Amino acid sequence: MTAASSAKIPVTVVGGFLGAGKTTYLNHLLRTGSARYAVLVNDFGAVNIDAGLIAQHDGTTMTLTNGCVCCSIGGGFLDTLGRILDDAIPFDHIIIEASGVGDPWRIAEIALVEPSLRLNAVIVVADASRISKLLIDSHVGDTVRGQFDRCSLVLLNKVDLLNRTAADAARATVAALRPDIQIIETTEDTLPVLPDGEVKATSRFAATAVNDSVDHESAFHRWSYRRSGTFDRGQLTAALAALPPQLLRLKGQCRIAGDASPALLQMVGQDWALTPAPADMTAQNDIMLVGVGTDALPDAAALDAILDGALIQVSQTHPTTADLNRRHAAFTL
Amino acid sequence: MSQDTIVFSARKIVTMNPSRPSATHVAVQNGRIVAVGSFAEIVATSGAKVDDRFKDKVLLPGFVEGHSHIMEGMMWSLPYVGAFDRRSPEGKLVQGLPDIDAIVARLQEAEAAMTDAEAPLFAWGFDPLHIGSVSLTRQDLDRVSTTRPIMVVHASFHISNVNTIVLQRAELDRTTNISGVVMGKDGEPSGEVQGIAARFRVFRVLGTNPLSGNLTADDVNRYAASSCIQGVTTITDLHNDLADLTIEVYRAASRRDDFSVRLVPAMASVSHSPEQGVEKIKTLKASNNDKLHYGIVKLVVDGSIQGFTARLRWPGYHNGAPNGLWYIAPEELPSIVAAYHNAGIQLHIHTNGDEATEVALDAVEAAQIAKPRPDHRHTLQHCQMADAAQFKRMKSLGMCVNLFSNHIYYWGDSHYELTMGPERANRLDATGTALRVGVPFAIHSDAPVTPLSPLFTAWCAVNRVSSSGRVLGKETEALTVEQALAAITINAAYTLKLDHIVGSIEAGKYADFAVLDEDPLEVAPEKLKDIAIWGTVVGGHVREAPRA
Ligand SMILES: [Zn+2]
Ligand SMILES: [Zn+2]
């Protein structure tokens, strides 16, 4: 399990409406990164992925096509991704550009269920000059709003086209959708590098801004849950479903009765997954989960009680500072 | 008349040619119709050889299915477990299954016949709606096998049910609640999987995806056999990437003398940029032959109404469900439409909900203003919720429509109760409105989504009755039998720009006939679907339908 999990290929999904700059961002990543990327794109936008950049990376690019009878992403995409996973030399990173009217999270879920993958980030690129209007557009407003529901990072792009007041207004509209999310203001020349590696991988659970001067700490609450013992799988399913909607994210390590090794729990919104815990987390034998919620998140005691209901044996622990530091290194929360 | 002319005599020939509506004799030479008329007009003067094998039959123009998919041919390699009777390409009446036990029994039978112990068992056509909304659980499928992977694809093609071994191998058994893994009452996955993540994982552990396999000659032959059984002589494959391999399979099949249907594939716009698409259509058209007709392009704007993925205008879904999905962004549609429109290519645009229809009308209008093009015949496909105002726009824009009349029977009740409510459900697939406004229209099955059978589709448009017996808008939207027959022959050919060569029995056209036991214009309208079909004639070649 350890070997398998260390070989997991990180997946980043880039979403956002037409013209936001998704393909420009992919080209930027290819130009600035050195890893071997597999890039899956919708090839028919105004900007095309630069094939030369792909070649430079010894990587591959494939076009998504909807192969199904009448709707939705079908066989073509799944077959293509399958071929990428079967490549003799594993890719360093898989980057998928969602369609301009697609929901990037639907694609991101693949990385949560496919054991050879891990979800690195779901990035939504938004055109700062259009986003406020798009969000209330009668035809596509609901589609565009949905793209932000579960993203881990927003690139508020093309801010150079706006004055400060307008840029702040655009940022505020996006922040209103997702108070907990990191928003990076970008222009075509200042696009960020790909969030990468284990540390950055968990950044979707944090709001610690790298390039972000605005303090979002006050906009959301955190909750830590530490126990020794094990969860009953069925009870845990019920407990997770009972957690309030104000809890946006929950992540950490736990033990499940009957399983030999610890598990990594990742929950975003109502969706969760249990996967074998990465090697650097398996030294611990207790339960350590950290959640992020809105400022209306119920207090810790109420939340604790819900998860306690799933425990087979309950015993409060008082971790040492050293323990906490180690955990923080693992979770970077 | 020349030596190689054959005159078929029939009890009656319903020509669908308004200037000569009926006849008894049709002369055929080199696959085409030389003359249509009476014994006196055709035989007495020429002394031509008469083939009277159809003397007790009724000939109609071969039916034209204007919206179906080659997947109909692919699915029949797998067991069918749907609720309604369906005719297999071998001509066998495959009984619809009323409950879970019957489904399990059919799967057990299929499982027992399999020789490779490891091979997965796939089945198709499951539709919980029509068996009392019960679900097919993994425990049900475990009764078929606990060791062989089993996957049952729903009639919608977007949802599947698997047995426990599949969940275990895919590690979807108890470790996730991602949106596509549906939980049962016990808090554990029920075996129902949907959405791309769960499907990806399942197909990966099964090692194969029955919905995206490479097209084979067998698939195309099954499609042709099913066509013959249903009296169809021209059939679409209305959404295809047209990969090189597919093109080769179609080329080879269509060049065989014994290939018994004319194929009209539509290139899926999504698989090509408009520039590539225009070029590809040009190249493909150059390879057309008498049984292979490239040239049309399909755009898919939204999803399906019963899946709540169609885009609806206000007031939206009757039950309050959120609006559906765009597959092409409304603001991107005009440039795609314009690219093909300007290149002289005909578009077939899937729009189920009326909001999707609206943006498609806007896009065609913009293209027509920028570059007026007479007789483009861009056709809205399904277009199930259009109101009179939208039909009037189609008319002014020179558009056609192909309405999904089979929906009235299969989903009419859920449209009435859940998706549209009574008023809009009553004008579902508004053939009457299309007639009054004067929009040229066809009606279709979207096979394999519903069974391929133009006579059944005509029956739906005439009787407008749902599977539970509810009559929907019959006074205002129903067709007469004659109008419905036009919608599955000459008018369907019109929507494909093939009405100059097929769709009616008249001099100059291909000798394509549906051979029926009875005259549809004489049977009671509610019996239209029950008329036995003997077979077809395609380009003068007689094909008796297989019976098993
Ligand atoms: Zn369709
Ligand atoms: Zn279709």
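Structure's up top.
Residues numbered from 1 in each chain as written. Chains lettered and ligands numbered in written order. Predicted model: local features only at pLDDT ≥ 70, side-chain atom pairs only at ≥ 80, totals over all residues. Heavy atoms only, no water.

Colleague: Honestly, the packing of aromatic side chains in this entry has me stumped. Any pointers?
Modeller: The geometry of an aromatic ring pair is captured by two quantities: the separation of the ring centres and the angle between the planes. Residues and elements named next belong to chain B. All chains considered together, the criterion is met by 17 aromatic pairs over all chains. With a centroid separation of 5.3 Å and 75° between ring planes, the pair formed by Phe54 and Trp534 is classed as edge-to-face. Highlighted residues: Phe54 in the loop between β4 (49-51) and β5 (58-61) and Trp534 in strand β22 (residues 533-538), separated in sequence by 480 residues. Residue Phe54 is classed as buried on the basis of its relative accessible area, which comes to 1%. (Phe/Tyr/Trp six-rings, centres within 6.5 Å; stacked < 30°, edge-to-face > 60°. Helix = DSSP H or I, 4+ residues; strand = E, 2+ residues; numbered from the N terminus. Buried < 20%, exposed > 50% of the residue type's maximum accessible area, 1.4 Å probe, protein only.)

Colleague: What is the right way to read unusual backbone geometry from this model?
Modeller: Apart from glycine, the bulk of residues carry a negative phi angle, and the bulk of peptide bonds sit in the trans form. All names here are of chain B. With an omega of 10°, the peptide bond running from Trp314 to Pro315 counts as cis. Inspection of the secondary structure puts Pro315 in the loop between β16 (296-300) and α10 (333-342). Note the cis peptide between Ala447 and Pro448, where omega equals 10°. Counting through the fold element by element, Pro448 comes out in the loop between β20 (441-443) and α16 (454-463). If you check the backbone angles, Phe157 has positive phi at about 70° while not being a glycine. Among the secondary structure elements, Phe157 is positioned in the loop between β10 (150-154) and β11 (159-162). A relative accessible area of 2% means that Phe157 is categorised as buried. One non-glycine residue, Phe308, lies in the positive phi region at around 60°. Among the structural elements, Phe308 can be located in the loop between β16 and α10.

Colleague: What exactly am I supposed to notice about helix α13 (residues 406-419) of chain B here?
Modeller: Given 3.6 residues to a turn, an α-helix orients residues that are three or four positions apart in the same direction. Residue and element names in this part refer to chain B. Given a rise of 1.5 Å per residue, 14 residues ought to cover 20 Å, yet the end C-alpha atoms of α13 are separated by just 16 Å, more than 12% below that figure. At Gly412, α13 is deflected by roughly 65°, the largest bend along its length. Where burial is concerned, most of α13 is hidden: 11 out of the 14 residues are buried. Among the residues making up α13, those that are buried are Asn406, His407, Ile408, Tyr409, Tyr410, Trp411, Gly412, Asp413, Ser414, His415 and Thr419. On its buried face, α13 sits against α14 (421-426) and α16. At the C-terminal side of α13, Gly421 shows a positive phi close to 80°. (Expected span 1.5 Å × (residues − 1). Bend = angle between axes of the 7 residues up to and from the residue. Contact = heavy atoms within 4.5 Å.)

Colleague: Teacher, can you tell me more about the pairing of strand β21 (residues 513-516) of chain B here?
Modeller: In the case of a regular strand, side chains alternate between the two sheet surfaces. Residue and element names in this part refer to chain B. Residues Phe513 and Val515 line one face of β21 and the alternating positions Ala514 and Leu516 line the opposite face, and both faces are buried. Note that β5 and β21 share 4 bridges and pair antiparallel. Bridge assignment links Leu60 to a residue of β21, and that residue is Ala514. Strand direction decides the pairing type here: β21 and β22, joined by 4 bridges, are antiparallel. Of the residues in β22, the one forming a bridge with Leu516 is Ile533. (Pairing = 2+ DSSP bridges.)

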